[in-house]
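A structural walkthrough
So the chains spell out like this:
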Amino acid sequence: GGGAPGPPRRRARVYLEPTDGQLPGLKRLPGLTSWRVYAGGEFYDALDAVPAGAKREKMSRTMFPPPPPGEGGPLGLERCMRVLPHMQDTGGFFIAVLRKEELDEGEEEEEEEAAGAGAVAAPLSMRSFAAGGGEVAADGVEVPSDGGEVSAVGDAQPPVDLEAEEKKRAAYGLCFAFQTGTCSRGARCRYAHLKGGFDAASGQGVAAPRAVGLQQGKAAPHVKGVVHCSARNQGKYDALFSLHEDFVAVVKRFFGLGDGFPDQQLVARAATGKSVVFLSAPLLAILLADRHTRLRLINTGVRVFEHCEDAALPFPFRLTQEGIPCLLPYMGPRQLIFASTSDMRKLLSDRVISGGALQPDIDAAAPGCVVVVHDPRADRSLDPGAPTPLCVTAVRTKSSPPSILLRLKLNETCSLLRRMPKG
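Analysis parameters
- All chains use their own residue numbering, which begins from 1 and follows the written sequence.
- pLDDT decides what is reported in this predicted model: residues at 70 or higher carry local features, side-chain atom pairs at 80 or more are listed and counted, and totals for whole chains, interfaces and linings draw on all residues regardless.
- As a rule here, side-chain values come from all non-hydrogen atoms in the structure, and water together with hydrogens is ignored.
- Within 6.5 Å between ring centres, the rings of Phe, Tyr and Trp (the latter by its six-membered ring) count as paired, and their orientation is classed by plane angle as stacked under 30 degrees, edge-to-face over 60, tilted in between.
- Secondary structure elements follow DSSP: runs of H or I of four or more residues count as helices, runs of E of two or more count as strands, with numbering from the N terminus.
- Here the term buried applies to any residue with accessible area under 20% of the maximum for its type, exposed to any over 50%, and partly exposed to those in between, with areas from a 1.4 Å probe on protein chains only.
- By the convention used here, strands pair only if DSSP detects at least 2 bridges between them.
- Note on contacts: a residue pair qualifies if any of its non-hydrogen atoms lie within 4.5 Å across the two residues.
- On a scale of 0 to 100, pLDDT captures the predictor's confidence in every residue.
- Residues grouped as a nonpolar core are buried Ala, Val, Leu, Ile, Met, Phe, Trp, Tyr and Cys residues, joined through side-chain atoms within 4.5 Å.
- For this analysis, a polar contact is any N or O atom pair within 3.5 Å, provided that within protein one partner can donate a hydrogen and the other can accept it, and provided that sequence-adjacent residues contribute only side-chain to side-chain pairs.

1. Here's the deal with the packing of aromatic side chains
In total, this model carries six aromatic pairs according to the counting rule given. Measuring from ring centre to ring centre gives 5.3 Å for Phe-247 and Phe-317, while their planes differ by 65 degrees; the resulting arrangement is edge-to-face. With a gap of 70 residues between them, Phe-247 in helix 6 (residues 245-255) and Phe-317 in strand 17 (residues 317-319) connect regions that are remote in the sequence. As far as burial versus exposure is concerned, Phe-247 and Phe-317 are alike and both buried. Pairing Phe-255 with Phe-305 gives two aromatic rings, centres 5.8 Å apart and planes at 40 degrees, and the pair type is tilted. Placement of the pair is Phe-255 in helix 6 and Phe-305 in strand 16 (residues 302-307), with a sequence separation of 50 residues. What makes Phe-305 buried here is its relative accessible area of 1%. Grouping aromatic residues by their ring pairs yields a cluster made of Phe-254, Phe-255 and Phe-305.

2. As for the sheet that holds strand 6 (residues 93-95)
The sheet built from three strands is open, its strands ordered 2-5-6 with antiparallel pairing. A single partner strand is all that each edge strand has here, and the edge strands are strand 2 (29-30) and strand 6. In terms of strand pairing, strand 2 meets strand 5 (residues 81-83) through two bridges, oriented antiparallel. Bridged to Pro-30 within strand 5 is Met-81.

3. A closer look at helix 9 (residues 341-350)
Looking at helix 9, one finds that the buried residues are Thr-341, Asp-343, Met-344, Arg-345, Leu-347 and Leu-348. Those residues of helix 9 hidden inside the fold are in contact with strand 18 (336-339), strand 19 (352-353), strand 20 (368-374), strand 21 (391-396), strand 22 (404-406) and helix 11 (410-419). Looking one or two places after helix 9, you find Arg-351, whose phi comes out positive at around 65 degrees.

4. Some points on the sheet that holds strand 20
Taken together, five strands build an open sheet; the order of strands is 18-20-21-22-19 and the sheet is mixed. Strand pairing shows two members of the sheet lacking a second neighbour, strand 18 and strand 19, which therefore form its edges. Of the pairings in the sheet, the one linking strand 18 to strand 20 comprises four bridges and is parallel in character. Looking at the pairing, Phe-338 lines up with Val-373 of strand 20.

5. Structural notes on the confidence of the model for the protein
The predicted coordinates ought not to be read in detail in places where the model reports low pLDDT. For the protein, the average pLDDT comes to 75, and 73% of its residues sit at 70 or higher. Confidence drops under a pLDDT of 50 for residues 117-157, and excluding neighbours within four residues, the segment shows 66 contacts in the predicted structure. Between residues 197-217, whose pLDDT stays under 50, and residues either more than four places distant or in other chains, the model counts 57 contacts.

6. Quick look at the nonpolar core
Counting residues in each nonpolar core, the largest one holds 40 residues, and the members touching the most others are Phe-255, Phe-305, Leu-319, Leu-327, Met-331 and Val-371. It is helix 6 that provides the largest number of residues to this core, a total of five residues. Leave out the neighbours within four places in its chain, and Val-371 touches Leu-319, Ile-324, Leu-328, Met-331, Gln-335, Leu-336, Ile-337, Cys-391 and Val-392.

7. Quick look at the environment of Glu-412
Relative to the helices and strands, Glu-412 is located in helix 11. Separated by 64 residues in the primary sequence, Glu-412 and Leu-348 have C-alpha atoms spaced 9.7 Å apart.

8. A look at the side chain of Thr-393
With respect to the helices, strands and loops of the structure, Thr-393 is situated in strand 21. A polar atom in the side chain of Thr-393 sits 3.0 Å from the backbone oxygen of Leu-319. If sequence neighbours within four positions are ignored, Thr-393 has contacts with Leu-319, Thr-320, Gln-321, Ile-324, Val-370, Leu-406, Arg-407 and Leu-408.

9. Looking at the side chain of Thr-320
Structurally, Thr-320 can be placed in the loop between strand 17 and helix 8 (324-327). Since its relative accessible area comes to 1%, Thr-320 is described here as buried. Within the local environment of Thr-320, its side chain forms a polar contact with the backbone nitrogen of Gly-323, the two atoms lying 3.1 Å apart.

10. Regarding the pairing of strand 1 (residues 12-16)
Among the five residues in strand 1, four count as buried, and that is most of the element. Bridge count for strand 1 against strand 7 (residues 98-102) is five bridges, and the pairing is antiparallel. Within the sheet, the bridge partner assigned to Arg-13 lies in strand 7 and is Glu-101.

Structure, rendered in structure tokens:
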């Protein structure tokens, strides 16, 4: 090709900034400058001390402390912070502040001469940076500026080997990240780079791969497409899927959820769609921005709906107890039952209630899930600025006359009953 040459690569040093004067109220310890590595029942101070064999083959020199000279070695690790949970009732964090400074031409030539003479790199010089935003390590391997996988400089991506990809598909399933064009692993990816899985844009072409533990065509009809799913997904934890608009419309209509309800924050935790969870808006924004699915999710969102085959329900999902606070601020009055203290105690004790002062509300509610709200002052309304009142999820039956059935586990019921005032 006759294209114009790219900009010349410029180099830069990256320094660890001192953090002593930052966050003065935070209890912390400095970064460690020495440690021992445990392997095979023994501790080692350096890689050279590890005997040759299988044990050493699994270890790397970067697992050990940086060498002297100088306090903290060439990286100055004592400038970092270590925040330990027991020191200030926090989580555990490792904090480092990095500063990058470009080298001028003279300094760049000095570094190159030192490297050619076999001299040790200047203290704190960690990487060489390209002017175009990429990063070049000492071994000639380029780190893309977009966070993609490492590849050799100048190597062209090989054409897709359909036969090899079909073998991957048979063994491991499809790569979900490839379906949305976000997998940067290319031929190195363990999962097949073939179209046919969930299409996050259109929700079409569902071919459920083994990567999420499904057989062909077993995806739930209310599940639309991928929100966040790693190519290395093993059928647990980190698969999130959007819901079809028709399903969301049924849920909003039944519970009287207003236009202000953020329905895009409802997602399924698997393609089977057995659990529907509610994500916070900031978390959803982070996941949508994670184009290369670098984040590994362990437990995400609040479980709001759970699949339940029950003839009393208008659609096969029940509202969970923990999901009430997510829906309650947006719910209309139809599926709300306001109960006095005595009625709430009776419901928790007998697990069923009908007649009395509650019967008009029970008759007005549609068969299916309802939220019973403790209303000791008979206000029959929810104060938006007040804490969420005591509520329980229940089912309004189709019988005549209808009644309210409690759908809580016995231990949850006993716990709520102990919290209830007498009377």
